Amino acid sequence: LRIGIFDSGLGGLTVAASIKKEIPQAQLVYFGDTARVPYGPKSKGTIQRYAKQDANFLLSKHIDILVIACNTATSFALELLKKEYNLPIIGVVEPGVKAALTASKEAIIGIIGTIGTIKSNAYQEGISRFKPRATIIAKSCPLFVPLVEEGFLYHAVTRLIAEEYLDVLKRARIDTLVLACTHYPLLKPVIQDILGEDVRIVDSAIETAREVVSVASQMGLMPDTNQEPVHEFYLSDIDYSFSSVVLDELGLGDLNPVEVDIEEF
Ligand code: DGL
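My aim in this report is to walk through the structure given alongside it, one point at a time. Just so you know, these numbers come straight off a predicted model, no measurement behind them.

**So, the overall build of the chain**
Summing up its helical and strand segments, the chain has 11 helices and 10 strands in all. Relative to a compact globule of 265 residues, whose C-alpha radius of gyration would be 18 Å, the chain shows 18 Å and is just as compact. Burial statistics for the chain: of 265 residues in total, 56% are counted as buried. Nonlocal contacts in the chain, meaning residues at least 24 apart in sequence, comprise 76% of its contacts between residues at least 6 apart. Surface exposure of the chain reaches about 12000 Å², of which carbon and sulfur atoms provide 48%. Between the mean site of the 25 positive side-chain charges and the mean site of the 34 negative ones, the chain shows a separation of 9 Å.

Structure below.
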């Protein structure tokens, strides 16, 4: 089983790590578009063009399932990619939506993500479709991505910024919060601390990994070998700097990236 995973950069490793935990025998083929990150503040048209190139590259690596680990790319390009390619494609939005609906008791749900993800309304529409009466408070938190990439997971400055962003959610008395961005699971401790223990925090990375298991099982693709898989790791800029604190936190410290010219795909 070869699972292709792409993200705008390295944040999608949170999703890769969750998939690795659920299906340790699967071969992961990861592509991070570090030459063009961030996707969060860019337009729908640009993200759709990038997402197609990212998918084309991974398809050239003979994958069985494609996972869009990036919330911004899923929000803007999942439907388009599903129309264009003939293999199972899993995005992070629907698993996150389902998890939020299961977790929420009072249906007052907060969503935090990049500017693009929030603007696309993908999560808001997903939640409303299943629960039209849900109260949804969506907030973009653009400074979270660079803070995580800098390794400032527990830094005082991160706490201050998080308090500012989360204030509106806190005042709305949300009972559930969706972390609708690859990087945010790394800030879960500080977010939980600010919102309080009663707020349930839903992480789409874990839910997406479960969805991958379910699709692979349905297709009869679950590997029955004990062999240690060899993962493949590609980046469009291998010099891209990302805090090693974060890579270690994810248990993904020793990745040997191969550089790809993504504009060729
Ligand atoms: N991977 C992006 C996401 O989940 C965050 C980083 C970026 O803006 O590219 O939306």
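**Some details on empty space enclosed by the protein**
It is a probe the size of a water molecule, rolled over the atoms, that shows where empty space is left. Per the stated rule, a full pass over the model turns up one cavity of 30 Å³ or more. Quantified by volume, the largest cavity comes out at close to 40 Å³. Along the walls of the largest cavity sit Thr 14, Val 15, Ala 69, Asn 71, Val 92, Leu 179, Cys 181, Thr 182, Pro 185, Asp 203, Ser 204 and Ala 205, which together make up its complete lining. Where the lining of the largest cavity is concerned, the elements lending two or more residues are α1 (13-22) and α10 (204-218). Looking at side-chain class alone, the lining of the largest cavity contains seven nonpolar, four polar and one charged residues.

**Here's the deal with the state of the cysteines**
Tallied over the entire structure, the rule returns zero disulfides. Of all cysteine sulfurs in the structure, the one in Cys 181 sits closest to Cys 70, which takes part in no disulfide; the separation is 7.4 Å. Judged by relative accessible area, Cys 70 falls into the buried class, the value being 3%.

**What to know about the packing of helix α8 (residues 156-171) against helix α9 (residues 188-195)**
The N-to-C vectors of α8 and α9 enclose an angle of 50°; their axes lie 10 Å apart at closest approach. As summarised for this structure, α8 and α9 are arranged oblique, according to the angle between their axes. By crossing handedness, the relation of α8 to α9 is classed as right-handed. Contacts from Arg 159, Ala 162, Glu 163, Leu 166 and Lys 170 in α8 reach Val 190, Ile 191, Asp 193, Ile 194 and Leu 195 in α9. In terms of residue class, the contact of α8 with α9 is built from six nonpolar, no polar and four charged.

**Here's the deal with a negative patch on the surface**
Taken together, the side chains of Asp 239, Glu 259, Asp 261 and Glu 264 define an acidic patch exposed on the protein surface. When you line up the elements, Asp 239 lands in the loop between β9 (232-235) and α11 (244-249). Relative accessible area serves as the criterion here: at 68%, Asp 239 is assigned to the exposed category.

**Quick notes on the sheet that holds β9**
Spatially, six strands are ordered β4-β3-β1-β2-β9-β10 in an open sheet, and the strand pairing comes out parallel. In this open sheet, the two strands that pair with only one neighbour each are β4 (89-90) and β10 (258-259). In the sheet, strand β1 (residues 2-7) pairs with strand β2 (residues 27-32) via six bridges, with the strands oriented parallel. Bridged to Ile 5 within β2 is Tyr 30. Each of β1, β2, β3 (65-68) and β9 is contacted by helix α2 (residues 44-59), which is oriented at about 155° to β1, the strand it contacts most. Seen against the sheet, α10 touches β1, β3 and β4 and runs at an angle of roughly 165° to β3.

**Description of the side chain of Gln 124**
Tracing the backbone shows Gln 124 in helix α6 (residues 122-130). Here the side chain of Gln 124 touches Asn 121 through a polar contact of 3.2 Å, side chain to side chain. Excluding its chain neighbours within four sequence positions, the residues that come into contact with Gln 124 are Ile 111, Thr 117, Ile 118, Ile 136 and Ala 138.

**A closer look at the site of the ligand**
Neighbouring the ligand are 14 residues; Asp 7, Ser 8, Tyr 39, Gly 40 and Thr 72 lie closest to it. The separation between an oxygen atom of the ligand and a polar side-chain atom of Ser 8 is 2.6 Å. A distance of 2.7 Å separates an oxygen atom of the ligand from a polar backbone atom of Tyr 39. For the ligand, the accessible surface in isolation is 300 Å², of which the surrounding protein chains cover 99%. The residue makeup of the shell around the ligand, split by class, is six nonpolar, seven polar and one charged.

Thresholds applied
Residues numbered from 1 in each chain as written. Predicted model: local features only at pLDDT ≥ 70, side-chain atom pairs only at ≥ 80, totals over all residues. Heavy atoms only, no water. Helix = DSSP H or I, 4+ residues; strand = E, 2+ residues; numbered from the N terminus. Rg over C-alpha atoms; globule rule 2.2 N^0.38 Å. Buried < 20%, exposed > 50% of the residue type's maximum accessible area, 1.4 Å probe, protein only. Contact = heavy atoms within 4.5 Å. Areas by Shrake-Rupley, 256 points an atom, 1.4 Å probe, with all protein chains shown as cover. Lys, Arg positive; Asp, Glu negative; His and termini not counted. Charge placed at Lys NZ, Arg CZ, Asp CG, Glu CD. 1 Å grid on protein atoms, 1.4 Å probe; cavity = no way out; pocket = protein on both sides within 12 Å on 5 of 7 lines; lining within 4 Å. Points joined across faces, edges and corners; volume = space filled by probe spheres on them. Nonpolar A, V, L, I, M, F, W, Y, C, P; charged D, E, K, R; others polar. Disulfide = S-S within 2.5 Å. Axes fitted to C-alpha atoms, helices over the stretch in contact; angles between N-to-C directions. Parallel < 35°, antiparallel > 145°, perpendicular 65-115°, else oblique. Left-handed = near helix turned anticlockwise from the far one by under 90°. Patch = residues over 30% accessible without salt bridge, like charges linked within 9 Å, V, L, I, M, F, W, Y side chains within 5 Å. Salt bridge = Lys/Arg side-chain N within 4 Å of Asp/Glu carboxyl O. Pairing = 2+ DSSP bridges. Polar contact = N/O pair within 3.5 Å; in protein donor to acceptor, adjacent residues only side chain to side chain. Near = heavy atom within 4 Å.

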